[in-house]
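Read off the chains here:
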Amino acid sequence: MQTAVLGGFVAAAMVPLLHRWFGSRTPLVMALLPASLAVWLISQWPVIASGDVLLLEQAWVPGLDITLTFMIDGLAWLFAMLITVIGALVLVYSREYLHGHRDLPRFLVVITAFMMSMLGLVLADNLVTLFVFWELTSITSYLLIGFNHTDSAARKAALQGLLVTVGGGLALLAGFVLLALAGDSWSLHELVQRGDVLRGHDLYTPLLICVLLGAFTKSAQFPFHFWLPNAMAAPTPVSAYLHSATMVKAGVYLLARLHPALGGTDGWVITLSLVGAVTMVTGAFLAMQHTNVKKLLAYSTVMGLGTLTMLLGIGTEKALVAFAVFLLAHSLYKGALFMVAGILDHETGTKDVTAMGGLRHLMPATAIVAGVAGLSLAGLPPLLGFVGKELMLTSVLEAPFWRLLILLLAFTAAFLTLAVAAIIVLRPFFGQRQDTPQPPHDPSRVMLAGPGLLAALSLLFGLVPGLLDPVVGAVVTGMGAPEAKVHLALWHGFNLPLALSFASLVLGLTIYRLWDRLRAGLTRLAPLIRCGPEAGYDALMAGLVILADGQTRFLQNGYIRNYLVMTLLVLVGLVGHALFFRHGLAPDVTLSVYFHEAVTAGLMIAGAVAACVMRSRLAAVAALGVMGFSIALTFVLFSAPDLAITQLLVETLTVILLVLVLFRLPRFATLSTPTERLRDLVVASLTGGLITLLMLAVLSGERLPRISDYMVANSQPLGHGHNIVNVILVDFRALDTLGEMFVLALAAIGVFAMLRFHAALGEGVDRDGRRNLAPTEDDHG
Amino acid sequence: MEPLMAITIGILFAAAIYMMLRRSIVKLVIGLILLSNAANLLIFATAGMVRGAPPLVPKGMTAPETAVADPLPQALVLTAIVIAFGVLSFAVVLVRRAWEIVGADDLDQMKDTDT
Amino acid sequence: MGRSGTLILNAAARLLLPLQLLFSVFLLLRGHDEPGGGFIAGLVASGAFALYLFSQGRHALGEMLKVSPRDLIGMGLLLGVISTLPGWWAGEPFFTAQWWTIPVIDFKASTPLIFDIGVYLVVVGSVLTAITALVDTDQAEHDPTDHDQTH
């Protein structure tokens, strides 16, 4: 499986090549990948059904406890099935939707990479691995939302989605680290068994906050819901796949996965059920103001994600069962409806539901698919959505906290959702026939296959919900409730949920009738709605720009010496403070020095000072030479023959370099005022003094054992060399040396590039100059 | 020797920084040379300075008989010297190009990205 | 910059170059056991070529070297990377040193030696790339016809 997922990334990279061979059929070829993975998953079903957990172990970075182990239990299996099956359908669908699109290969590359990231996310057993895949889905999602990169709205939406989800991702990383610390393991299947330890741990509250921030941003929970409707700038297959069926459910998946480890506390229950319920109502309510079919669906997705979060918050066995059913129902009808929305857009040329009408005569097949999926969204029998909604309402009735409030919110969301379903299905397909930008007709079978299959499954599972019993049972087992009795049925008799369903039907249809007037009222409320969390995001972004602008003006003002002075003063201040208060300034060293050594040191100082005060360049270079040779002499005196030779040779080459360059530069100029020089002298002396004190402190401190003792002892036995320095360079620490070779090579290539390309482009060189550069081309003789 | 070297290195650093704070680009280059030498010496001297015991294993032996100078900082400094030369050549060429294009040797006149 | 040297420098450079190069190879090969090694040997060789460049001119150096100094950098890096592989093939971690003894001359060949040769080439290539690029630019800017006069 690991091979399959990693191979999938390779396959994604090979799309451009495949596209050359298969042309517009490439999406179908790529669909084979998720399809075969789905077949494999189905073949593993017996293991999952028996309640076992399939652990596919694979090492990655054993030294850091990071594994690439995959864990497949009921929960992971259901998510993986949704990802692969809907993934295959979306790819098939995109063959038609993006037919002839210039950037089709790019789309396929990114969506395949996304698919594999998502699969890795739900299968990963290790927190680090999970996080890596989590971030990969954010990045691929960014690329997909911004697919139409020439559209500035798409770019803005992509950036917004990225910043919100990646910002949450940062919190999640912190949460994972805390989780691993508290649970003493990076492995999910171990962590879920240590729920009691985790819930009682001091770190529980901070880690819960961090993990929830990550999950809520990813799954578009209030107040982070705003990015999801904006993400509808993506092509419709992307919306259908990422922003309804899979990626936005990653946060919900994480919460479900961690439910046995972290769930059940008051903090968990209250936060999740309230945030979920508020998200439900927010999503359903905000949907009302839109006429764009994709926006309507996006807000209803926000509502669906809120429902899932709320059910996890309630956390009873019934709620977990409801979670599993609602998850599946939502993925099926929302995937279908998005693809229908894409068909409408593709065939009619508009996304505005008020511009459509009476399409059932022209697009009968599409109308049936839309009707079935819409009924499921509305939560009406005999569809799976109904089963899910009944279970949801039943669970809400046993919510441990603020039952009435949550019930009220859930009921409001239910009838608003019904109205949304009516708007999406009734408005375009029924009523007065309206002229659309393009004459509509049913799309090809290829395009209808995906939504058709998903709608059919909604109907099948609605009619015979018993089929899902084992799957839901396995999912609930994965969420830590193995003894839950799962018996799904369409009909539960006359009870309170049914009455609520009926009431929501009446209210929902009433709202649908009044929708046009309601919308006019909402338009007047628009300024108020705009003050929501998105305004906060915009203000944050604007503030960031102002801050960056201000600090650039203040700190990065272009004067190199200001940078230096600031950096150095901070260094002197911080290090000096630590040195003075932690260590004290009483060096405990003894001085043993011979006369010739003192002379060498004196020459060094004299050379350095002379290089600073000399007025002629030649004298300064000579002074530097004196210093360099004194340093070489020091290396000779203190047992470093290799260093001495290197220093001498480099001194020689430096002179050549300076002759070639320095003397083409202007003479020394005295540009600064005496005050400035005094200031610089103070800064320089402070830094130099700090270095001296630091070194004295190091020398008087206790000596730790040298790490090179190993190298000294093993240079001959292991490295077969008598020159230990050289053995370190080419054997013990050869990787460092290799890196240094690359640095040297880069510096040389940089010099070459600067001289050659600037000479070719610069103003000082005419055509002759260019011709005269030819000899280097003939270096080969 | 180390305390004396500590003072010497401090002065070298001060000289380097003083030169790097000058406005003339040529002086900046000299500051760079001083800085890399000072840094190399710092690494070398902080590890302890040993007289007359180079880190070599005598012929026919598997390990030195007596304590030798620490070879690790020597290896580090050896590459650092060569790389400092590479970086210096990059810096001087950059400075030279900058001078040829901007036509000024005053760093204060080079503070805008588009000149 | 053409021939800038005097007659003595000119002759000396011609005579010295082979000796210096020989010495650099000697330093390279003995580097594992005595002071020397790729960095030092590379610097010696660079110095030798630089001397030749200043006495004989840019063109002569190009003719003598046959390859561009940039290719030396590439070869050096390649050798450095290649030397990491035998250890890997031998089933040990990447970069583990491997030693072989060549029977007749009793010479110890090893991946560290290959690596050191890589270092040598990178040092020579880098220094020469920088210096020749500078000399070429000077020729182009200050004496456009000079290189035609070199042989």
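Small disclaimer: the values here were computed from a predicted structure and weren't measured.

Calculation notes
- Residues numbered from 1 in each chain as written.
- Chains lettered and ligands numbered in written order.
- Predicted model: local features only at pLDDT ≥ 70, side-chain atom pairs only at ≥ 80, totals over all residues.
- Heavy atoms only, no water.
- Helix = DSSP H or I, 4+ residues; strand = E, 2+ residues; numbered from the N terminus.
- Buried < 20%, exposed > 50% of the residue type's maximum accessible area, 1.4 Å probe, protein only.
- Contact = heavy atoms within 4.5 Å.
- Areas by Shrake-Rupley, 256 points an atom, 1.4 Å probe, with all protein chains shown as cover.
- Buried area = accessible area lost by both parts, 1.4 Å probe.
- Salt bridge = Lys/Arg side-chain N within 4 Å of Asp/Glu carboxyl O.
- Polar contact = N/O pair within 3.5 Å; in protein donor to acceptor, adjacent residues only side chain to side chain.
- Nonpolar A, V, L, I, M, F, W, Y, C, P; charged D, E, K, R; others polar.
- Expected span 1.5 Å × (residues − 1).
- Phe/Tyr/Trp six-rings, centres within 6.5 Å; stacked < 30°, edge-to-face > 60°.
- Lys NZ or Arg CZ within 6 Å of the ring centre and 35° of its normal.

J.: Just checking my understanding: could you explain the overall build of chain C for this structure?
T.: Helices and strands together make up the secondary structure of chain C, namely seven helices and two strands. Secondary structure elements in chain C, listed N-terminal to C-terminal, are α-α-α-α-α-β-β-α-α. Residue burial in chain C is summarised as follows: out of 151 residues, 54% are buried. Long-range contacts, defined here as pairs at least 24 residues apart, represent 66% of the contacts in chain C between residues at least 6 apart. As displayed, chain C has an accessible area near 6600 Å², and 70% of this comes from carbon and sulfur atoms.

J.: Help me understand the interface of chain B and chain C, please; the structure alone is not making it clear to me.
T.: Interface size is commonly expressed as the accessible area that is lost once the parts come together. On the side of chain C, 12 residues touch chain B, which itself brings 11 residues to the contact. Interface of chain B and chain C: buried area, both sides summed, is about 890 Å²; carbon and sulfur atoms make up 70% of it. Counting the surface chain B buries against chain C, the share from its top three residues, L56(B), V82(B) and R96(B), is 43%. The interface formed by chain B and chain C holds zero salt bridges in total. Put simply, chain B and chain C have zero residue pairs in polar contact (both at pLDDT 80 or more) between them. Looking at the side of chain B that touches chain C, its residues break down into five nonpolar, two polar and four charged.

J.: Is there a simple way to explain helix α18 (residues 364–378) of chain A in this structure?
T.: Given 3.6 residues per turn, any residue in an α-helix points the same way as the ones three and four places further on. Residues and elements named next belong to chain A. Taking 1.5 Å as the rise per residue, α18 with 15 residues should run 21 Å; its terminal C-alpha atoms sit 20 Å apart, in good agreement. Most of α18 sits out of view: 11 of its 15 residues are buried. Of the positions making up α18, those classed as buried are T366, A367, V369, A370, G371, V372, A373, G374, S376, L377 and A378. Each element contacted by the buried residues of α18 is listed here: α16 (293–314), α17 (317–348), α19 (384–396), α20 (403–429) and α21 (445–463). Of the residues one or two after α18, G379 is the one with positive phi, at around 80 degrees.

J.: Explain the interface of chain B and chain A to me, please; I cannot follow it from the model alone.
T.: Residue-level contacts link 84 residues of chain B with 95 residues of chain A. For the pair chain B and chain A, the number of links is 16 residue pairs in polar contact (both at pLDDT 80 or more). Residue assignment for the side of chain B that touches chain A shows that the elements contributing at least two residues are α1 (2–20), α2 (25–46) and α3 (71–102) of chain B. It is α3(B) that contributes the most residues to the side of chain B that touches chain A, 24 residues altogether. Class assignment for the residues of the side of chain B that touches chain A results in 58 nonpolar, 13 polar and 13 charged.

J.: Teacher, can you tell me more about the packing of aromatic side chains here?
T.: Between two aromatic rings, the relevant description is the distance of the centres plus the angle of the planes. On inspection of all chains with the given rule, the structure shows 11 aromatic pairs over all chains. Considering the side-chain rings of F635(A) and F44(B), the 4.9 Å spacing of their centres and the 85 degrees angle between planes classify their relative orientation as edge-to-face. With F635(A) in helix α28 (residues 617–637) and F44(B) in helix α2, this residue pair bridges two chains. Exposure class is identical for F635(A) and F44(B). Each is buried. Taking the ring centre of Y18(B) as reference, the NZ or CZ of R22(B) above it sits at 4.4 Å.

J.: I keep staring at the pattern of salt bridges and nothing clicks. Help me out?
T.: Opposite charge on two side chains permits them to pair, given that their charged atoms come into close proximity. Residue and element names in this part refer to chain A. Evaluation of the coordinates by the stated rule reveals 16 salt bridges over all chains. Between D516 and R519 there is a salt bridge, with its nearest N and O atoms 2.9 Å apart. Here R519 and D516 lie together in helix α24 (residues 515–530), a separation of three residues that amounts to about one turn. For D516, a relative accessible area of 37% translates into the label partly exposed. Through salt bridges with shared partners, a single ionic network connects R102, D103 and R106.

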